[in-house]
Amino acid sequence: MTASVPLPAEWRDFVALTKPRVMTLVVFTGLCGLLVAPGTLPPALAFTAILCIALGAGAAGALNQWYEADRDARMKRTAGRPLPAGRMSRESALHFGVGLSFFSVLLMGVATNWFAAAVLAVSILFYVFIYTIWLKPRTAQNIVIGGAAGAFPPLIGWAAVTGDIAALPIALFALIFFWTPPHFWSLALFVRMDYANAGIPMLPVVAGETATRRQILLYTAIMAVAALAPVLLRLTGLIYGLTALVATGIFAAMALQVSLRRETDPARMGPEKRLFKYSVLYLFLLFAAVVVDHWVRGA
Ligand code: HEM
Ligand SMILES: CC(C)=CCC/C(C)=C/CC/C(C)=C/COP(=O)(O)OP(=O)(O)O
């Protein structure tokens, strides 16, 4: 079966289109934003708000795959996705992505408020137009700027409750924003041949391994400041502060190890792969700590 004669897509393919594994952390950070906001939403509305973040992120993932079907076909990691594998037509992915985008934004507006809906719309548009279509094929800084899309969920969760934005959700936005480069570049180091084959100018392809390792360390240092800022600014308390200190210390030690290496062995569990895996756990931990800290302080 070729890509031009798609098999009828199954529901599993539509789920795959939403990038469900990445979405777990997107939804979790959104949920944490919602839980630490002052005030509460009735449980059914809180659930709907989180559902809208999940559906909006899924819609953005589908539109990303609709646009990138040809690039995805050239990378081992992504060749099995529904479009490059020929299990779904591009029109189906486009209709699904556009439909889900409108549905998630409108439902968010009706269920919570139109400010939260607008921020959700901005994050979908940012991921699709600014990251996927504009920056990703053009510059190695694509994920630094484009990565902002993935930093919006705590702002959306907060705004769903309050209808506005405050210092804490902005600090959480900054944490994800500066976490994204070490998260992604550590992965990019061991799949760089994939990106080179697909002609995508990711940093290890364009600037080489050594520069990428240095940039990982640099952004980890900035991320450390962002991770400690909430406690230094007294937006969170000691539970978050201690968690951030220890978890960021481990992150920094791992980033240092990555920066001291010269070559990546894609077949082995080197420091790059370890840092990538730890980066996901790290963000889960820090966001969980923000919530626990908030509950313990009764803030
Ligand atoms: C432009 C920014 C980002 C890029 C380029 C990026 C790229 C990637 C890639 C290529 C993977 C590999 C596995 C896969 O395809 O599923 C991955 C995994 C992952 N990413 Fe990111 N990511 C970015 C931002 C984020 C953000 C903002 C979050 C959530 C807050 C996130 C959460 C995750 C998670 C949870 C995984 C692990 C999925 C698994 O278990 O396989 N990523 N990321
Ligand atoms: C709330 C909301 C609308 C959020 C949407 C933003 C979102 C899902 C951000 C996560 C970032 C992400 C999946 C990057 C993958 O990069 P890539 O697309 O380059 O990865 P790929 O090579 O696997 O396609």
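Residues numbered from 1 in each chain as written. Chains lettered and ligands numbered in written order. Predicted model: local features only at pLDDT ≥ 70, side-chain atom pairs only at ≥ 80, totals over all residues. Heavy atoms only, no water.

Going by what an unreviewed UniProt entry lists, the chain is known as Protoheme IX farnesyltransferase and is assigned to Sphingobium lignivorans. In its Catalytic activity (unreviewed entry) section, the UniProt entry covering the chain states "heme b + (2E,6E)-farnesyl diphosphate + H2O = Fe(II)-heme o + diphosphate". Per its UniProt entry, the chain bears the Function (unreviewed entry) comment "Converts heme B (protoheme IX) to heme O by substitution of the vinyl group on carbon 2 of heme B porphyrin ring with a hydroxyethyl farnesyl side group." (UniProt positions renumbered as here; feature names shortened; annotations may be inferred.)

Taken together, 20 residues sit near ligand 1, with Arg21, Arg77, Thr180, His183 and Leu187 positioned nearest. Within the side chain of Arg21, an N or O atom sits 2.8 Å from an oxygen atom of ligand 1. At 2.8 Å, a side-chain N or O of Arg77 approaches an oxygen atom of ligand 1. Residue assignment for the shell around ligand 1 shows that the elements contributing at least two residues are α2 (20–36), α9 (167–190) and α14 (271–297). Per-element accounting of the shell around ligand 1 gives the leading share, 6 residues, to α9. Across the shell around ligand 1, the residue classes tally to 13 nonpolar, 4 polar and 3 charged. If you count residues domain by domain, the shell around ligand 1 takes at least three from each of domain 1 (8–165) and domain 2 (166–299). (Near = heavy atom within 4 Å. Polar contact = N/O pair within 3.5 Å; in protein donor to acceptor, adjacent residues only side chain to side chain. Helix = DSSP H or I, 4+ residues; strand = E, 2+ residues; numbered from the N terminus. Nonpolar A, V, L, I, M, F, W, Y, C, P; charged D, E, K, R; others polar. Domains from an automatic or database assignment.)

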